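Close look at the chain arrangement
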Amino acid sequence: MIDAFVEGVRSIVQVCHLVILAPVALTIVAARGRVEAVAGAVGGIVFGGWVFAAGWVTLSDGVLRLSAVLLLAAVVILGAPQLFGRDEIVRHPAGRAGIAFGVGTLVAQWWRPCVGEELGSILTNAPDRQWSQLLPTTGFMLGISLPLVAIGLVYAAWPPDPTTALRLGWVASALTGILGLSVMVGQHGEIVARLFEWSQ
């Protein structure tokens, strides 16, 4: 697990992980960087990474589009209630954690991993030995999730005023919505290709 965590930390700079980290980071910002949103997001990425490595979900075109629809639903739940002054779900810690967990789990299925030695071993062994690969997968996904923890720490150390936090939340919700719409209309491959191209 430790070796996988270290490899995950080292691979943060690889742009291929942005397909996971970007929408989850935006979800955390939309949830005002609260600790339960960060915890839910990281938990979702860990769980989603395990599902991905175990091969339990075949990412067909239909599944990909459905995940994008669910991501858009999360954006609506995070953003729309505030527009109408009814943000009970967003205010409730369990609601924020649950939405962030769902987003993390969903977008982990969009992943096109950059394979290092530890991750390669996980992806090779997990389909046949899911439980034995749970700890290594958890370690790796925690490693690449450190930027999300950093976002939470920044919000905790330097909390923006309510107006700024609201504006950041709306911008993050809009960007997440655009990303979800792009995937829903069949642009996932193009997004991944562009990320790889920009990393060269």
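Worth saying up front: this structure is predicted, and the values here are computed from it rather than measured.

1. Considering the overall build of the protein chain
Helices and strands together make up the secondary structure of the protein chain, namely eleven helices and zero strands. Shown N-terminal to C-terminal, the secondary structure of the protein chain runs as helices and strands in the order α-α-α-α-α-α-α-α-α-α-α. Here the protein chain holds 200 residues, and 46% of them are scored as buried.

2. Remarks on the environment of Leu64
Turning to its location among the elements, Leu64 is positioned in helix 4 (residues 61-83). Accessibility expressed as a relative area gives 10% for Leu64, which makes it buried. Put simply, Leu64 and Gln109 are 45 residues apart on the chain and 8.1 Å apart in space, counted from C-alpha to C-alpha.

3. Concerning helix 3 (residues 35-54)
Taking 1.5 Å of rise per residue, 20 residues should cover 28 Å, and helix 3 covers 29 Å from first to last C-alpha, within 8% of that figure. Of all the 20 residues making up helix 3, 15 are buried; the element is thus mostly covered by neighbouring parts of the structure. Of the residues one or two after helix 3, Gly55 is the one with positive phi, at around 75 degrees.

4. Description of the packing of helix 3 against helix 9 (residues 146-157)
Relative to each other, helix 3 and helix 9 sit at 175 degrees, their axes nearing to 10 Å. Considering the angle they form, helix 3 stands roughly antiparallel to helix 9. For the pair formed by helix 3 and helix 9, the contact residues are Val38, Val42 and Ile45 on the first element and Leu148, Val149 and Gly152 on the second. Broken down by class, the residue content of the contact of helix 3 with helix 9 amounts to five nonpolar, one polar and no charged.

5. Concerning helix 8 (residues 134-144)
Count 3.6 residues to each turn of an α-helix, and residues three or four apart come out pointing the same way. Most of helix 8 sits out of view: eight of its eleven residues are buried. Of the positions making up helix 8, those classed as buried are Pro136, Thr137, Thr138, Gly139, Phe140, Met141, Gly143 and Ile144.

6. What about the side chain of Thr138?
With respect to the helices, strands and loops of the structure, Thr138 is situated in helix 8. Looking at Thr138, the relative accessible area reads 16%, which means it is buried. Only 2.8 Å separates the side chain of Thr138 from the backbone oxygen of Leu134, close enough to count as a polar contact. Excluding residues within four positions of it along the chain, Thr138 makes contact with Met1 and Val46.

7. Comments concerning a nonpolar patch on the surface
A cluster of nonpolar residues, Ile2, Phe5, Val6, Val9, Leu146, Val149 and Leu153, forms a patch on the protein surface that exposes about 550 Å² of accessible area. Of all elements in the fold, only helix 1 (2-10) and helix 9 reach the threshold of two or more residues within the nonpolar patch. Counting residues per element, the nonpolar patch draws most heavily on helix 1, which supplies four residues. Structurally, Leu153 is set in helix 9. Taking the relative accessible area as the measure of exposure, Leu153 reaches 57% and is therefore exposed.

8. Some details on the nonpolar core
With 34 residues, the main nonpolar core has Ile20, Val24, Trp110, Phe140, Met141 and Leu148 as its most contacted residues. Of all the secondary structure elements, the ones that give two or more residues to this core are helix 2 (18-30), helix 3, helix 4, helix 6 (93-108), helix 7 (117-125), helix 8 and helix 10 (162-184).

9. So, the packing of helix 1 against helix 8
Close contact between helix 1 and helix 8 brings their axes to 7 Å; oriented N to C, the two are set at 25 degrees. Our classification of the angle between helix 1 and helix 8 gives roughly parallel. In terms of crossing hand, the pair formed by helix 1 and helix 8 is right-handed. On helix 8, the residues touching Ala4, Phe5, Glu7, Gly8 and Val9 of helix 1 are Pro136, Gly139, Phe140, Leu142, Gly143 and Ile144.

10. Topic: the environment of Gly62
Looking at where Gly62 falls in the secondary structure, it is placed in helix 4. Residue Gly62 is classed as partly exposed on the basis of its relative accessible area of 49%. Residues Gly62 and Met184, 122 residues apart in the sequence, show an inter-C-alpha distance of 9.2 Å.

11. Overview of the confidence of the model for the protein chain
Residues at a pLDDT of 70 or more form 84% of the protein chain, whose mean pLDDT is 77. Here helix 5 (residues 88-91) stands out as the element of the protein chain with the lowest mean pLDDT, 54, in contrast to helix 9, whose mean of 89 is the highest.

Analysis parameters
Residues numbered from 1 in each chain as written. Predicted model: local features only at pLDDT ≥ 70, side-chain atom pairs only at ≥ 80, totals over all residues. Heavy atoms only, no water. Helix = DSSP H or I, 4+ residues; strand = E, 2+ residues; numbered from the N terminus. Buried < 20%, exposed > 50% of the residue type's maximum accessible area, 1.4 Å probe, protein only. Expected span 1.5 Å × (residues − 1). Axes fitted to C-alpha atoms, helices over the stretch in contact; angles between N-to-C directions. Parallel < 35°, antiparallel > 145°, perpendicular 65-115°, else oblique. Contact = heavy atoms within 4.5 Å. Nonpolar A, V, L, I, M, F, W, Y, C, P; charged D, E, K, R; others polar. Polar contact = N/O pair within 3.5 Å; in protein donor to acceptor, adjacent residues only side chain to side chain. Patch = residues over 30% accessible without salt bridge, like charges linked within 9 Å, V, L, I, M, F, W, Y side chains within 5 Å. Areas by Shrake-Rupley, 256 points an atom, 1.4 Å probe, with all protein chains shown as cover. Salt bridge = Lys/Arg side-chain N within 4 Å of Asp/Glu carboxyl O. Core = buried A, V, L, I, M, F, W, Y, C linked by side-chain atoms within 4.5 Å. Left-handed = near helix turned anticlockwise from the far one by under 90°. pLDDT = per-residue confidence, 0-100.

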